[in-house]
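Given next are the chains, with one letter for each unit.
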Amino acid sequence: MFKGGFIQNLPKIYGLYTGGFAVFIILMAVAESAGVSAKNIGVMFVVFTVGIYAFIGYLSRTVQVDAYYVAGRQVPTVFNGMATAADWMSGASFVALAGGVYFGGYTYMAFLVGWTGGYVLVATLLAPYLRKFGCYTVPDFIGTRYGGNLVRACSVFVLFIASFTYVTAQINATGTIASRALGIPFELGVWIGLISILICSMLGGMRAVTWTQVAQYIVLIVAYLLPVFWISSKVGGGVFPHLMLGDEVARLGELEQQFGLVKNSAADMKAAGVPGGLKYISGPHSAVPDGGMAVWKYLSLAICMMVGTASLPHILMRYFTTPSVKSARRSVAWSLFFIFLLYSSAPMLATLSKLSLMDPNLATGIIGKSIADVQAIEWVQRWSEVKQVFIADFNGDGMLQLNEFFMRGDVVVLATPEVAGLPFVISGLVFAGGMAAAMSTADGLVLAISNALSHDIYYKIIDPKADTAKRLIVARVLLVIIGAAGAYIASFRLTSILGSVAWAFDFAMSGLFFPLVLGVWWKRATREGAIAGILAGISSGLVYLLYVYPKFSVAIWGVAHDPWLGIDHLRFGMIGAPICLVTMVVVSLMTKEPDAATQKMVDDCRIPSGKAVLGKQH
Amino acid sequence: MSNKDAHWEKTRSHMFVTLALWFFFSIVIFMFGSELNTMSFLGYPLAYYMTAQGSLLAFVIILFWCTGKQESIDEEFGYAEREED
């Protein structure tokens, strides 16, 4: 059945895998109708899929440096696109994106534009050139292009801050989903999640992560799209929601008028005892908020997310694994296509789920009904018990108003199948999808950090004479340490202090975007310029974050500061990146032009054909 | 001008064209969100449609177009890679 090598057989292998997964879903549906409990179905979904990832991870074990760091540079274009999409779409994207759109409406959707538009920057400015360069890690490019250990260490520092902020959130998400699906305490879920992540990455490094990410993409996209299409046809949204929800969006606008968008005061919410993290609808779904400030806030958020996307090392390093420059470029386009499939569905899911709760003409509608009736609904009870849903009666009229219904954003994805009356097998599938999304991103991030530390700090700076075996041992030990550190922090739920995953984008944008881009596009950029730019960018970004984020600024200055020009803690890259650029240009122009060898290196990386700038084993 | 420089000049202007398109779909249209929302597309308010789906789709199309064009530029200057490398 399988003639030829592994790579030639990839479409067959993943075709079989997808078919096998479909059979598994059907088996679960049969089991459900035969009376297997909802809880056991959830457990089987998670255990089965994670087991497969671990098996793939084991099969992909390797003892070669270039297989460990860059999957042997033989990942075909489309498969690399799928792996990148899984790498990219985190647990947060999967469970929280639709919820964000649900509560934030138009304003929130700046994230959608930001998290996709960034790929245009990746493809035009960076990916093909970094692939030609032949580096193993992102700091490897900066260290070689500018020359010297200091600039290499500076870029590892930025990579570490950005990726570590992100990875704790991912391990946290893995733990949350594992604990809900398996019915175990959160702290235990975190460690089980970590072990699953490490099994997928430790033995085979980038090679193992690549092939598990492809498998994870297939699970997560099926788990996201199937419910969206099913719910849509069930609630009368049409068979193809993306093109057919115009009337529903208009209806939401009418309902907002009818119920009124009211902002609750903080005091009211505190008095009613609304649990932290729960939100209510206070903004319009499709209407654009008025005023220049609203436009600026939308644009600045989109810019931060786009530029951040183009600087995040765990994404850039995926394009080091393709066989050629051409396929690196092409696979960026495929990545974006695979991401688009999920991202364009999130607003549709939000629309459907919002309408099914808001429209009094629908059987599922709860707004405007009596609170006693709503509290008797099964899913409301179930999610209230775990403090994911909350009902307050501010005006004391016994009827549920729009501003009196609180919900955690995640519930939109996790509970909508249930609310719409889909069988539990779909909810089990959604758990498996969320787990796949969180694991695949965590894998990529942990690997990005430990590879930078093992290759750039240990091998390039501390012990350049280390042999292959020793390098790979160090890489694996660091992988376990980084993973454990992330899980340790996640298990204390300190992530609430770490704030938002958006910070990872702002950090990366402040310290890495311009050093990377100018490294390719501006020959005159010098080592001193790069060092000054990285340090100025990351430190100004960090200081501004401390200044503007209330939890930090109260601790340091004793007062909360107003954001300057509307640049709040989600957008601090708007401060860091321009400072990085100006510093880098000024210092570069003040210092001596890079030598001829460096200029030739830049010339070489701009030409797609020919040998990589760095040797195969370096 | 050497072949190498001519290739780079063309690559660079292609990059600027791509980024101009990117800038239009990510920034320019959202500067006029309220105005665009008075128009409709597929029954959706236009600005809502663009942020939920339209711009995302535009980026996908831009990228496939951009890679195709860049490949033909590389071809033109004899820098296309051989498949077996």
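Residues numbered from 1 in each chain as written. Chains lettered and ligands numbered in written order. Predicted model: local features only at pLDDT ≥ 70, side-chain atom pairs only at ≥ 80, totals over all residues.

Within chain B one finds three helices and two strands. Secondary structure elements of chain B, listed N to C terminal, follow the sequence α-α-β-β-α. Against the globule reference of 12 Å for 85 residues, chain B gives a C-alpha radius of gyration of 18 Å, more extended than a compact globule. Oriented by its inertia axes, the alpha-carbon framework of chain B measures out at about 50 × 30 × 15 Å. Every one of the 85 residues in chain B was classed for burial, and the buried ones make up 36%. Taking the contacts inside chain B whose residues are at least 6 apart along the sequence as the reference set, 56% of them involve residues at least 24 apart. (Helix = DSSP H or I, 4+ residues; strand = E, 2+ residues; numbered from the N terminus. Rg over C-alpha atoms; globule rule 2.2 N^0.38 Å. Buried ≥ 20, exposed ≤ 12 C-beta atoms within 10 Å, placed from the backbone. Contact = placed C-beta atoms within 7 Å.)

Here we come to the overall build of chain A. In terms of helices and strands, chain A carries 29 helices and two strands. For chain A, whose C-alpha radius of gyration is 25 Å, the value lies close to the compact-globule estimate of 25 Å for 618 residues. Counting over 618 residues, chain A shows a buried share of 57%.

A separate point is unusual backbone geometry. All names here are of chain A. At A71, a position not held by glycine, the phi torsion is positive, near 55°. Mapping A71 onto the fold places it in the loop between α3 (65-70) and α4 (77-88). Phi at L565 is positive, roughly 55°, even though this residue is not glycine. Within the fold, L565 resides in the loop between α27 (550-557) and α28 (573-590).

Okay, the nonpolar core next. Core analysis: the largest hydrophobic core is formed by 237 residues, its most contacted members being L126, L130, L220 and M435 of chain A together with F59 and L63 of chain B. Take this core: its biggest share by element is 20 residues, from helix α21 (residues 424-462) of chain A. Apart from residues lying up to four places away in sequence, F59 of chain B is in contact with T116, G117, Y119, V120 and L336 of chain A together with F25 of chain B. (Core = buried A, V, L, I, M, F, W, Y, C linked by C-beta atoms within 7 Å.)

A separate point is the packing of helix α1 (residues 10-33) of chain A against helix α2 (residues 38-59) of chain A. Residues and elements named next belong to chain A. Axis separation between α1 and α2 bottoms out at 11 Å; the angle between their running directions is 165°. The orientation of α1 with respect to α2, classified from their angle, is roughly antiparallel. As α1 runs across α2, the sense of the crossing is right-handed. On α2, the residues that touch F24, M28, A31 and E32 of α1 are I41, M44, F45 and F48. Tallied by class, residues from the contact of α1 with α2 come to seven nonpolar, no polar and one charged. (Axes fitted to C-alpha atoms, helices over the stretch in contact; angles between N-to-C directions. Parallel < 35°, antiparallel > 145°, perpendicular 65-115°, else oblique. Left-handed = near helix turned anticlockwise from the far one by under 90°. Nonpolar A, V, L, I, M, F, W, Y, C, P; charged D, E, K, R; others polar.)

Quick look at the environment of T84 of chain A now. Residues and elements named next belong to chain A. Relative to the elements of secondary structure, T84 occurs in helix α4. Put simply, T84 and T468 are 384 residues apart on the chain and 27 Å apart in space, counted from C-alpha to C-alpha. Not counting residues within four places of it along the chain, the set of residues in contact with T84 comprises I315, R318 and S335.

Interfaces are often sized by the amount of accessible area the parts lose when they come together. Facing the 43 residues of chain A at the interface are 39 residues of chain B. Those elements that provide at least two residues to the side of chain A that touches chain B are α6 (110-133), α11 (241-244), α12 (246-259), α14 (292-309), α16 (325-343) and α29 (596-606) of chain A. Grouping the amino acids of the side of chain A that touches chain B by side-chain chemistry returns 27 nonpolar, nine polar and seven charged.

Right, let's talk about α6 of chain A for a bit. The α-helix advances 3.6 residues per turn, and as a result positions three or four apart in sequence lie on the same side. Residues and elements named next belong to chain A. The end-to-end C-alpha separation of α6 is 33 Å, in line with the 34 Å expected for 24 residues at 1.5 Å each. Most pronounced at V122, the bend in α6 amounts to some 55°. For α6, a buried count of 24 out of 24 residues is recorded, marking the element as mostly surrounded by other parts of the structure. In the stretch just after α6, G134 is the one whose phi turns positive, near 80°. (Expected span 1.5 Å × (residues − 1). Bend = angle between axes of the 7 residues up to and from the residue.)

Residue and element names in this part refer to chain B. The predicted model of chain B averages 88 in pLDDT, with 95% of residues at 70 or higher. Within chain B, helix α2 (residues 33-36) has the poorest average pLDDT of any element, 83, and helix α1 (residues 3-31) the best, 93. Per the prediction output, this complex has pTM 0.91; the corresponding ipTM is 0.94. (pLDDT = per-residue confidence, 0-100.)

Residue and element names in this part refer to chain A. In the contact formed by α6 and α14, the axes pass within 7 Å of each other and the chain directions differ by 40°. Between α6 and α14, the crossing angle belongs to the class labelled oblique. α6 and α14 meet at a crossing whose hand is right-handed. Contacts between α6 and α14 involve A110, F111, V113, G114, W115, G117, G118, Y119, L121 and V122 on the former and, on the latter, Y298, L301, A302, C304, M305, M306, V307, G308 and T309. Taken together, the residues of the contact of α6 with α14 break down into 14 nonpolar, five polar and no charged.

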